[in-house]
Amino acid sequence: MYSIYLIICLFSYTTAINLNYLDPVVLQTKTSPNIQKKAAEAIIQKYLNNVNVIISPVLFVHNKDVFVLRTVNGQLQIKASTGVAAVWGFNYYLKKYCKSQIAWQVQNVQIPDPLPEVDETVVANDRFRYYQNVCTASYSFVWWKSEWSTHVEWMALNGINLALAPIAQEAAWSSIYKAIGMTDDEINEHFTGPAFLSWLRMGNVHGWGGPLFKSWHNVQKMSQDLVVSQMQSLGMIPILPAFNGHVPRAFSRIYPNSTFYSVNTWNKFNDDYCCNLFLSPFDPVFKSIGKMYLRKVTEELGTGNIYSADPFNEIKIEPWSTILVQQTAKAIYNTLIEQDENAVWMIQNWMFVHNPLLWPVDRVKAFLTSVPNGRMLVLDLQSEQWPQYDLYKMYYGQPFIWCMLHNFGGTLGMFGNIQTINKDVYEVRKRINSTMIGMGLTPEGINQNYVVYDLMLETAWRESPINDLNQWVADYAERRYACNTTATAWRYLFKSVYNFDGLNKIRGKYVITRRPSFKIRPWAWYKSKDLLYALKNLVLTNNDNCQGGFDHDLVDVARQLLQYRIDQLYLNVVNDRYTNSWTFNSSITRFLDAMKDMGDVLATQKDFSLLNWLQSAKSLADNDGESYLYDVNARNQITLWGPNGEISDYACKQWAEMVYYYYRPRWAMFLEIAFDAKLRNETFDEKSAQRAVRSSVEEPFLRLNIASPSSNNPRVTALNVYEKWGYVSDVEDLPMNVIKRDPERRTTLADIDDEDDAMDYTPSVVMWHSTTQMN
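Residues numbered from 1 in each chain as written. Predicted model: local features only at pLDDT ≥ 70, side-chain atom pairs only at ≥ 80, totals over all residues. Heavy atoms only, no water.

Visitor: I'd love a proper account of unusual backbone geometry, names of residues and values included.
Guide: Going from glycine 210 to proline 211, the amide bond is cis rather than trans, its omega being 10 degrees. Positionally, proline 211 belongs in the loop between helix H9 (197–201) and helix H10 (214–234). Residue proline 319 is reached from glutamate 318 by a cis peptide bond, and omega for that bond is 0 degrees. Mapped onto the elements, proline 319 comes out in the loop between strand S14 (317–318) and helix H13 (322–339). Even without a glycine there, the phi angle at asparagine 305 is positive, about 75 degrees. Mapping asparagine 305 onto the fold places it in the loop between helix H12 (284–298) and strand S13 (306–308). (Helix = DSSP H or I, 4+ residues; strand = E, 2+ residues; numbered from the N terminus.)

Quick look at the structure:
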């Protein structure tokens, strides 16, 4: 009897969720079927003309997108509920029936003639397929213009129907700031440079890397108009930004009678760049400014009715209290619905994950339940490693999206949680009390580890986990390369680098990209032999017929092996400090030689070039002054990040020129100082050596002339890497210090560790608690 009662209660709890405002049938059909048909055909016909597209919203099944694929008289017919579903269906056909792939950086499209026969109907598993992290705009998209249109096509090909829109936020704010009386100097002092806008928007910093120029605003408005229109024409839902409470310091002058709270320091930024003001949610100016902003961002292109605002991202407002977070939630929500009665507020759960001491469970509940059920959509931002839906009881009835974050800072390095992705998302979706209504990709940066994202995207339509991941990855390799000789290599990769299942932070901080120190403790979650076997099978296979992404991946695996070897050789360097000078020098030479070889192999593939990043930045400039500022922004973000190295190497990039001009030179200088101290029988002062590296390598890099490196054939160079570094003497596998999951414990995931903590293998661990701090 009790079990029946429990089932009834759980069923009631589940059905109580209000999804009236999160209905794709309404949100995705604002554009007519005819317009969506044309938009879908414009993408599909780039690859295949012999196709007939029919868009009919009546095909929705339980508020979920549907596509139907049939070959009729040799022609592919696609019937779909929306334009994005039609393009999704076409890509499904390419992958499953044509063994093809259209990825971020590479593609292989092979469509047989006659067309393969198909008769299949696919219903999406969830209402939404979400894409983007608020940081992706800075780490990957910041210098984009024409790239945006191609990327929206990629989104459609993978069924994304809900995504952050590239709105010219600062152009809108500039207009509002001038209207309320801010001077040009005050505006310039507030705006960061382009590479740091994500953190300006969330109230973490201001001014750093700025100002912004009129030409910048013009480019962003152009991208906004083109991309939002493209999304809407396909039936995608663009998520627009909303006011989150953070305002420039000049507001205290303009609104002397308003109440402002202070924002605590973020990541050691000093007062020149840190800590704006936070407008009290009790103050009527909060709604006034919020409505002005909403009107501005929706005035030309309308709205998708879903808005993003993150008021407490990695920050603490003084005075901090549960009442403050409750009232802020209410103020944001009420501002939204007074401007748009159908509004839904989307948040990232990162504020809770980042600092659980500030967010005891009762405070999280108070925040989430301050907004009516179904009017808040939560991104469980890193479900593949740090799921929070159980801790917060399915977000106390608010709908959420199961997301895979995977990447921080746009760093390179092969890793992934394939077992978790292939299991948990299916399990959570089917729970009787689940409030999950979508799956999502939320990387801080793209263009890395595409296989993990491809696997995750398939959870949107697969009914159950993949039974044989080895077979799946063999198929993946054939789709990617148009050859079937690399299955063994990919099985070793799935056994090693993509088989991570721990709680450790993985932030791209390998020895080569770390600031030189003798205190680093490298670790791994796999055996080097499996990675070596993967590279062996790639370089020794009969790869004459392999194309598409083969060279890209060959270079990436060779880079990964060298990354591992460099970590191993570093440990030898550390140990040999205490032996004789000859041995120490020999270890240093081999260590730096491996770095040179990494630069050489990366130089063979354009996807691993710093010059792409720098040239994209300068292409947005109208004059030499703008070109200089954008170039410095681009260089600083991937190195020091802040003016004093506040977040050094967080967005590190294993690109050829970075190895040649930055990573290897600073290690070379650091080790030269250490070796000289040994020769002189002097005590080595690590802090002084690091200061020398900062002044002689890191800071000059911001103005260094960087030339295009010479390159060789990637297949020849990768083979040389295997021959030289596949088997090396006197090294041991890295310690496998994997922090196992414990349901009673969670680990904080601050973006940056303190310098001393960064030298440790294990992140700080805290007990979750539910202490109520109501005041």
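Moving on from the model shown.
Visitor: Outline the state of the cysteines, supporting the account with residue identities and numerical values.
Guide: As enumerated under the stated definition, the model contains one disulfide in all. Here cysteine 483 connects covalently by a disulfide to cysteine 546, the sulfurs 2.0 Å from one another. Handedness of the cysteine 483-cysteine 546 disulfide follows from its S-S torsion of about 95 degrees: it is right-handed. Taken together, the residues cysteine 483 in the loop between helix H20 (469–481) and helix H21 (487–495) and cysteine 546 in the loop between helix H22 (528–540) and helix H23 (550–576) connect sequence positions 63 residues apart. The exposure classification of cysteine 483 matches that of cysteine 546, with both residues buried. There is no disulfide at cysteine 403, and the cysteine sulfur nearest it, in cysteine 135, is 14 Å away. (Disulfide = S-S within 2.5 Å. Buried < 20%, exposed > 50% of the residue type's maximum accessible area, 1.4 Å probe, protein only.)

Visitor: Which residues make up the domain arrangement of the protein chain, and what values do they have?
Guide: Here the domain parsing of the protein chain yields domain 1 (20–123), domain 2 (128–467) and domain 3 (493–609 + 655–726). The C-alpha-based centres of domain 1 and domain 2 are spaced at 29 Å. Summed over both partners, the interface of domain 1 with domain 2 buries about 3,000 Å², with 64% contributed by carbon and sulfur atoms. Of all residues in domain 1, the largest losses of buried area upon contact with domain 2 belong to Leu22, Trp88 and Trp104, amounting jointly to 30% of the total for that side. Inspection of the domain 1/domain 2 interface yields four salt bridges. A salt bridge links glutamate 153 to lysine 46; the nearest nitrogen and oxygen atoms lie 2.5 Å apart. At the junction of domain 1 and domain 2, the tally comes to 13 residue pairs in polar contact (both at pLDDT 80 or more). Those elements that provide at least two residues to the side of domain 1 that touches domain 2 are helix H2 (24–27), helix H3 (33–44), helix H4 (83–98) and strand S4 (101–102). In terms of residue count, H4 provides more of the side of domain 1 that touches domain 2 than any other element does, eight residues in total. Taken together, the residues of the side of domain 1 that touches domain 2 sort by class into 17 nonpolar, eight polar and four charged. (Domains from an automatic or database assignment. Buried area = accessible area lost by both parts, 1.4 Å probe. Salt bridge = Lys/Arg side-chain N within 4 Å of Asp/Glu carboxyl O. Polar contact = N/O pair within 3.5 Å; in protein donor to acceptor, adjacent residues only side chain to side chain. Nonpolar A, V, L, I, M, F, W, Y, C, P; charged D, E, K, R; others polar.)

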